[in-house]
Amino acid sequence: MLTVFDGIREFSFLSIALRILLSSVSAGLIGFERGRAGRAAGLRTHILVSLGACIVMCVDHYLVTAINPAADPARLGAQVINGMGFLGAGTILATGKRVTGLTTAAGLWTTACIGLAYGGGYFEGGLLATATMLVVMIILHKLEGHSSTLIGMELLIEITVPEDIPCVLDTIRTCEGHVINISINDDSKKIKKGHILLRLSLKVGRTFDSSELLDALSHKIPVAKFEEL
């Protein structure tokens, strides 16, 4: 079946320029969405990943076309897919029982695959994958954000004034956390005399950030210890 790209699939300067342009634009759209969400890998990272993958496939194509027709055109591309695991792992953060950054890591891996598609001249696949990925990351993210799915979290908070316990609970509610259970330890053998150690079991949304809770608490009361278990 003929498509608008059939005339530029040949290995030429125009074809290479279009592959690089499309891979950069597609990755830029995805990276912009990640950057706007405050993720570790943003606009430039995604563009560089896709650009590198595209160039690898162009090199593969060049080796087959100009040097050795018997070469394997997918060999370097397979190494890109394997190597993306290391870069993606750098965006994953494990904090206590929660893991964040998995979507960004998966996005980087998929962006590399999109770059390989463009580099191989499969323009239709690259465009469709880009459109689908944007739908998943923007529209489905909003649907997921409005779902009632909550995850568990446990915190240790040591405060210097026992009367500040209501302030701690109010601040957690303000940050959209739900306290399920609370235990209080004032044993002076384990903590500084006069201090109170709170162990809190919470239910929080997937976007809950414990560092924001710590900042909010620190502006209201003295916090001697704050730890996510």
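Our subject is the structure that appears above.
Residue positions are counted from 1 within each chain, in the order its sequence is given. Per-residue local features are limited, in this predicted model, to residues with pLDDT of at least 70; the limit for side-chain atom pairs, both in listing and counting, is 80 or more; totals at the level of whole chains, interfaces and linings are taken over all residues. Note that the side-chain values use all heavy atoms of the structure and ignore hydrogens as well as water.

*Asks:* Hey, could you run me through the overall build of the chain in this one?
*Replies:* Looking only at helices and strands, the chain has seven helices and six strands in total. The N-to-C order of helical and strand elements in the chain reads α-α-α-β-β-α-α-β-α-β-β-α-β. For the chain, restricting intrachain contacts to residue pairs at least 6 apart in sequence, the fraction spanning at least 24 positions comes to 66%. Surface exposure here means Shrake-Rupley accessible area, sampled with a 1.4 Å probe, where a residue is shielded only by the protein chains that are shown. Counting only carbon and sulfur atoms, one obtains 63% of the accessible surface of the chain, whose full area is about 13300 Å². Counting from the N terminus, the helices are the DSSP runs of H or I reaching at least four residues and the strands are the DSSP runs of E reaching at least two. In what follows, residue pairs with any heavy atoms lying within 4.5 Å of each other are defined as contacts.

*Asks:* Looking at this structure, how should I read the pattern of salt bridges?
*Replies:* Pairing is possible between side chains of opposite charge, provided their charged atoms come close. We define a salt bridge as a side-chain nitrogen of Lys or Arg found within 4 Å of a carboxyl oxygen belonging to Asp or Glu. Under the definition given, this model contains three salt bridges. Note that arginine 199 and glutamate 154 form a salt bridge whose closest N and O atoms lie 2.9 Å from each other. Note that arginine 199 is positioned in strand 5 (residues 196-204) and glutamate 154 in strand 3 (residues 151-159), a separation of 45 residues in sequence. Residue classification places glutamate 154 among the partly exposed positions, given a relative accessible area of 21%. Its salt-bridge partner being glutamate 227, residue lysine 225 comes within 3.7 Å of it at the nearest N-O pair. Buried residues are those whose accessible area, probed at 1.4 Å on protein chains only, stays under 20% of the maximum for their type, while exposed residues exceed 50% and partly exposed ones sit between those limits.

*Asks:* How should the sheet that holds strand 5 be read in this particular structure?
*Replies:* Strand pairing within a sheet occurs via backbone hydrogen bonds; the two strands may be parallel or antiparallel. Only strands that DSSP links by at least two bridges are regarded as paired with each other. Taken together, four strands build an open sheet; the order of strands is 4-5-3-6 and the sheet is antiparallel. Edge strands, defined here as strands with exactly one partner in the open sheet, are strand 4 (177-185) and strand 6 (223-228). Here the strands of the sheet are splayed against their neighbours by 20 degrees on average, with no regard to which way each runs. Bridge count between strand 4 and strand 5: eight bridges; the pairing is antiparallel. Along strand 5, the bridge assignment pairs isoleucine 182 with leucine 200. Interaxial angle, 0 to 180 degrees, is taken between N-to-C directions of lines fitted to C-alpha atoms, where a helix line uses only the stretch in contact. Each of strand 3, strand 4 and strand 5 touches helix 6 (residues 165-174); the most contacted strand, strand 5, lies at about 20 degrees to it. Where helix 7 (residues 210-218) meets the sheet, its contacts fall on strand 3 and strand 6, and the angle it forms with strand 6 comes to roughly 170 degrees.

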